[in-house]
Amino acid sequence: MKSPYNHSDYYTEPLPRNFYAYSAPAAAQRLIGCILYRQLEDGRTASGRIVETEAYTQDDPACHAFNRRTRRCEALYGAGGHAYVYFTYGVHFCFNVVCGSEGWAEGVLIRAVEPLTGLEMMAKNRGIDTFEIQTVRKKRLLCSGPGKICQAMQIDGAFNGHDLTTGCHLWISRRHDDSIKILSGVRVGISKAKDREWRFMLEGSTFISK
DNA sequence: ATATCGATTGACT
DNA sequence: GTCAATCGATATA
């Protein structure tokens, strides 16, 4: 029952590889406002606007790839435009967009998304009553955190290394509005390099984490 | 082999 | 505000 997604629309087609060929802090800002798409095997889709990101680089003490090249963070060393998905706290998955060039680890953690379509599916995945997400306040519960996004959009370890430029299963499309403003701040939940202001947020969004 | 802790979340005081 | 859940990756020996 698979229904291919319609990529003829300028706004829904996946961003090309070169979109990601920037260092993480730059890529993290480029990704604000872009649309994250998830299509399940059965054809159902969910999407949301990326409103919060964080940058991590190989020479950054807070990065998983800081000490050495390990099995877990191998995907971070790939070419830009791939996914790095890891499991943390024994409970949650977190989704990163690999950026920069192959051989140098850089990634952007997607921390919060404004739900746009597929809200019922996301609510079900999050264990939230579909009737309740009518209000903005309840919509926030769907994707206002990296673990929540993965649970809502069914992103798990199987997506580690996934190519985001193919437009299949999981991809990102361009920003619709270029007049947005981006706020920055310190990253959340880390113990090293706390001072770097590598967290970026869409100004005015009510769908930020925390 | 064993110990520690984490790019989090939700429940509870 | 505090804290448990829960497990794999990593560090240390």
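For the structure, check the block above.
Residues numbered from 1 in each chain as written. Chains lettered and ligands numbered in written order. Predicted model: local features only at pLDDT ≥ 70, side-chain atom pairs only at ≥ 80, totals over all residues. Heavy atoms only, no water.

1. Examining the protein's contact with DNA strand B
Logical step 1: In the vicinity of DNA strand B lie 20 residues, with His64, Tyr86, Asn96, Arg126 and Gly147 positioned nearest.
Logical step 2: For DNA strand B, the backbone portion of the atoms within 4 Å of the protein, that is sugar and phosphate, comes to 49%.
Logical step 3: Take Arg126: an N or O atom from its side chain is 2.8 Å from a phosphate oxygen of DNA strand B.
Logical step 4: Secondary-structure elements contributing two or more residues to the surface near DNA strand B are β4 (92–98), β5 (106–117) and α4 (146–152). (Near = heavy atom within 4 Å. Polar contact = N/O pair within 3.5 Å; in protein donor to acceptor, adjacent residues only side chain to side chain. Helix = DSSP H or I, 4+ residues; strand = E, 2+ residues; numbered from the N terminus.)

2. Observations regarding helix α2 (residues 119–126)
Logical step 1: Of the positions making up α2, those classed as buried are Leu119, Met121, Met122, Ala123 and Arg126.
Logical step 2: Looking at the buried side of α2, the elements it contacts are β2 (45–57), β5, α3 (136–143) and α4.
Logical step 3: Just past α2, the residue Gly127 takes up positive phi, approximately 75 degrees. (Buried < 20%, exposed > 50% of the residue type's maximum accessible area, 1.4 Å probe, protein only. Contact = heavy atoms within 4.5 Å.)

3. A look at the packing of aromatic side chains
Logical step 1: Summed over the entire model, instances satisfying the criterion amount to five aromatic pairs.
Logical step 2: Aromatic side chains Tyr37 and Trp171 sit 5.2 Å apart centroid to centroid with 5 degrees between the ring planes, which places their arrangement in the stacked category. You can see Tyr37 sitting in strand β1 (residues 35–39) and its partner Trp171 sitting in strand β6 (residues 170–173), a full 134 residues away along the chain.
Logical step 3: The class of Trp171 is buried, set by a relative accessible area of 0%.
Logical step 4: Cation over ring: Arg174 sits above Tyr10, and NZ or CZ is 4.1 Å from the ring centre. (Phe/Tyr/Trp six-rings, centres within 6.5 Å; stacked < 30°, edge-to-face > 60°. Lys NZ or Arg CZ within 6 Å of the ring centre and 35° of its normal.)

4. Digging into the environment of Ile133
Logical step 1: Position of Ile133 relative to the elements: it lies in the loop between α2 and α3.
Logical step 2: Here the alpha-carbon distance between Ile133 and Val186, two residues 53 residues apart in the chain, equals 30 Å.

5. Focus: the protein's contact with DNA strand C
Logical step 1: Residues in close proximity to DNA strand C include Asn67, Arg68, Thr70, Arg72, Phe87, Tyr89, Gly90 and Val91, which together make up its full environment.
Logical step 2: Put simply, 75% of the atoms of DNA strand C that lie within 4 Å of the protein are in sugar or phosphate.
Logical step 3: In the environment of DNA strand C, a phosphate oxygen lies 3.2 Å from a nitrogen or oxygen atom belonging to the side chain of Asn67.
Logical step 4: Between DNA strand C and Thr70 there is a distance of 2.3 Å, counted from a phosphate oxygen to a side-chain nitrogen or oxygen.
Logical step 5: For the surface near DNA strand C, a count of residues per class yields three nonpolar, three polar and two charged. (Nonpolar A, V, L, I, M, F, W, Y, C, P; charged D, E, K, R; others polar.)

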